[in-house]
Amino acid sequence: MALLVAGIGYAEAPDHAVIRDLPAQVGLILSPYGAHVGDEAQEALAARHELLIGIPLETRDNPLTSEGAKALVPDEERAINRRSLDWVLSRASGYDGAADVIGIADNSAFMNYPEDAAWLGRQLARRHLFFIELRGGRTMQGVPERRADTVILPDQGDAGVTAGLNRLIAQARAHGTALGVVLEPAPAALPLLAAWCRGLNARGVALVPARALIPGRVGTP
């Protein structure tokens with residue numbers, strides 16, 4: 001089973017706590033908009049966390065909600081999206097995967113456009129990145145990818161977080177593997193997350209990096 005924490009880069013103190021308190025097997029999804037995301041990526045690598053870069057994809061209900069000035073936009077001129085993607089990918093180093101989330105969970109329009117999804121797939125394939133998908137859309141040819149089985153929202157409280165984590169264990173037992181994503185956990189939830197991770201071995205579940213669950217990646221079961 002793999003567990004990822006999304007939204008790293010927005011706030012230094014909570015991010016330091018995630019890096020310090022959660023096991024190295026927990027992967028981190030970086031937000032390119034974070035003011036200190038480069039430094040925090042290096043700190044996370046030193047702690048041996050797996051890193052992914054979040055790619056902002058414009059939402060279906062834009063402009064009511066938006067993923068920022070560097071979001072990839074469906075039907076946008078290719079050169080504009082390329083500049084935005086280059087900026088996103090330049091914000092940190094040391095990651096070997098990407099995800100369609102930067103810390104918020106809105107519906108993406110971008111991945112539902114075949115030509116746009118194919119273009120993004122080619123860009124990621126050139127950089128040898130795998131892809132984690134939370135929000136649905138078309139698969140990308142040539143890119144190792146996986147859909148998250150469970151997404152845990154930050155406002156669900158301890159009971160909701162625990163229920164989501166236990167659902168992830170049930171999915172791993174039922175299907176052999178499972179991948180979960182926690183969106184920007186509140187600092188108060190970190191002890192719960194850390195204790196849950198420490199107790200997995202006793203429950204017969206192994207925590208592994210997300211790349212180990214991606215078809216075609218080294219270490220894939």
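Structure: above.
Chemist: Even after reading the chapter, I still don't get the nonpolar core, so can you show me in this structure?
Modeler: Side chains of a nonpolar character, in soluble globular proteins, are inclined to be buried together. The biggest cluster of nonpolar side chains holds 51 residues, and the ones touching the most others in it are Met-1, Leu-3, Ile-55, Leu-120, Leu-124 and Trp-196. The residues touching Trp-196, leaving out its near neighbours within four places in the chain, are Met-1, Leu-3, Leu-165, Asn-166, Leu-168, Ile-169 and Arg-203. Ala-6, Ala-99, Ile-132 and Ala-210 belong to the second-largest nonpolar core, a separate cluster that totals 17 residues.

Chemist: How should I be thinking about the side chain of Glu-133 in this particular structure?
Modeler: With respect to the element layout, Glu-133 can be found in strand 5 (residues 130–133). No salt bridge is formed by the buried Glu-133; the nearest opposite charge belongs to Arg-147, separated by 4.8 Å. The residues contacting Glu-133, other than those within four sequence positions of it, are Asp-100, Glu-145, Arg-146, Arg-147 and Ala-148.

Chemist: Explanation requested: the pairing of strand 3 (residues 51–54) in the structure shown.
Modeler: In the case of a regular strand, side chains alternate between the two sheet surfaces. Both faces of strand 3 are covered, namely the face carrying Leu-51 and Ile-53 and the face carrying Leu-52 and Gly-54. With three bridges connecting them, strand 2 (residues 27–30) and strand 3 associate as parallel partners. Within strand 3, the position partnered with Leu-28 by the bridge is Leu-51. Note that the unit made of strand 2, helix 2 (residues 37–46) and strand 3 has a crossover that is right-handed.

Chemist: In this structure, what is going on with the packing of aromatic side chains? I would like to understand it.
Modeler: The way to describe two aromatic rings as a pair is by their centre distance and the angle between their planes. On inspection of all chains with the given rule, the structure shows one aromatic pair. With 5.8 Å between their ring centres and 40° between their planes, Tyr-33 and Trp-87 make a pair best called tilted. Of this pair, Tyr-33 sits in the loop between strand 2 and helix 2 while Trp-87 is found in helix 3 (residues 78–89), placing the two residues 54 residues apart along the sequence. Given the relative accessible area of 27%, Tyr-33 is considered partly exposed. Given the relative accessible area of 28%, Trp-87 is considered partly exposed.

Chemist: I'm lost on the sheet that holds strand 3 in this one. Help?
Modeler: Working definition: the strands of a sheet are paired by backbone hydrogen bonds and lie parallel or antiparallel to each other. Taken together, eight strands build an open sheet; the order of strands is 6-5-4-3-2-1-8-7 and the sheet is parallel. Looking along the sheet, the strands with just one partner apiece sit at the ends: strand 6 (145–147) and strand 7 (150–152). For this sheet the average axis-to-axis angle between neighbouring strands, irrespective of direction, equals 25°. Against the sheet, helix 5 (residues 157–175) makes contact with strand 1 (2–8), strand 7 and strand 8 (179–183), and its axis sits at roughly 165° relative to strand 7, the strand it touches most.

Chemist: Before we go on, may I ask you to explain helix 5 in this structure?
Modeler: Because the α-helix completes a turn every 3.6 residues, residues three or four places apart line up on one side. Over its 19 residues, helix 5 extends 27 Å from the first C-alpha to the last, a length consistent with the 27 Å expected when each residue adds 1.5 Å. Of the residues making up helix 5, those classed as buried are Val-161, Gly-164, Leu-165, Leu-168, Ile-169, Gln-171 and Ala-172. Taken around the axis of helix 5, the buried residues stretch over an arc of 160°, which confines them to a single face. Counted as exposed and oriented over 90 degrees from the buried face of helix 5: Ala-159, Arg-173 and Ala-174. Tucked into the core, helix 5 has its buried residues touching strand 1, strand 7, strand 8 and helix 6 (190–198). Following helix 5 by one or two positions, Gly-176 has its phi on the positive side, about 95°.

Chemist: For this particular structure, what's the right way to read the pattern of salt bridges?
Modeler: When the charged atoms of two side chains lie near each other, side chains of opposite charge can form a pair. Under the criterion given, the structure shown has five salt bridges. One salt bridge in this structure joins Arg-20 and Asp-21, with 2.9 Å as the shortest N-O distance. Looking at Arg-20, the relative accessible area reads 59%, which means it is exposed. Across the pair Arg-78 and Asp-116 runs a salt bridge, and its minimum N-O distance is 3.0 Å. Here Arg-78, found in helix 3, pairs with Asp-116, found in helix 4 (residues 114–126); they are 38 residues apart in sequence, far enough to count as distant. Assessed through its relative accessible area of 3%, Asp-116 is described here as buried.

Reading guide: rules and limits
- Residues numbered from 1 in each chain as written.
- Predicted model: local features only at pLDDT ≥ 70, side-chain atom pairs only at ≥ 80, totals over all residues.
- Heavy atoms only, no water.
- Core = buried A, V, L, I, M, F, W, Y, C linked by side-chain atoms within 4.5 Å.
- Buried < 20%, exposed > 50% of the residue type's maximum accessible area, 1.4 Å probe, protein only.
- Contact = heavy atoms within 4.5 Å.
- Helix = DSSP H or I, 4+ residues; strand = E, 2+ residues; numbered from the N terminus.
- Lys, Arg positive; Asp, Glu negative; His and termini not counted.
- Salt bridge = Lys/Arg side-chain N within 4 Å of Asp/Glu carboxyl O.
- Pairing = 2+ DSSP bridges.
- Right-handed = clockwise from strand over helix to strand, strands pointing away.
- Phe/Tyr/Trp six-rings, centres within 6.5 Å; stacked < 30°, edge-to-face > 60°.
- Axes fitted to C-alpha atoms, helices over the stretch in contact; angles between N-to-C directions.
- Expected span 1.5 Å × (residues − 1).
- Arc of directions from axis to C-beta.

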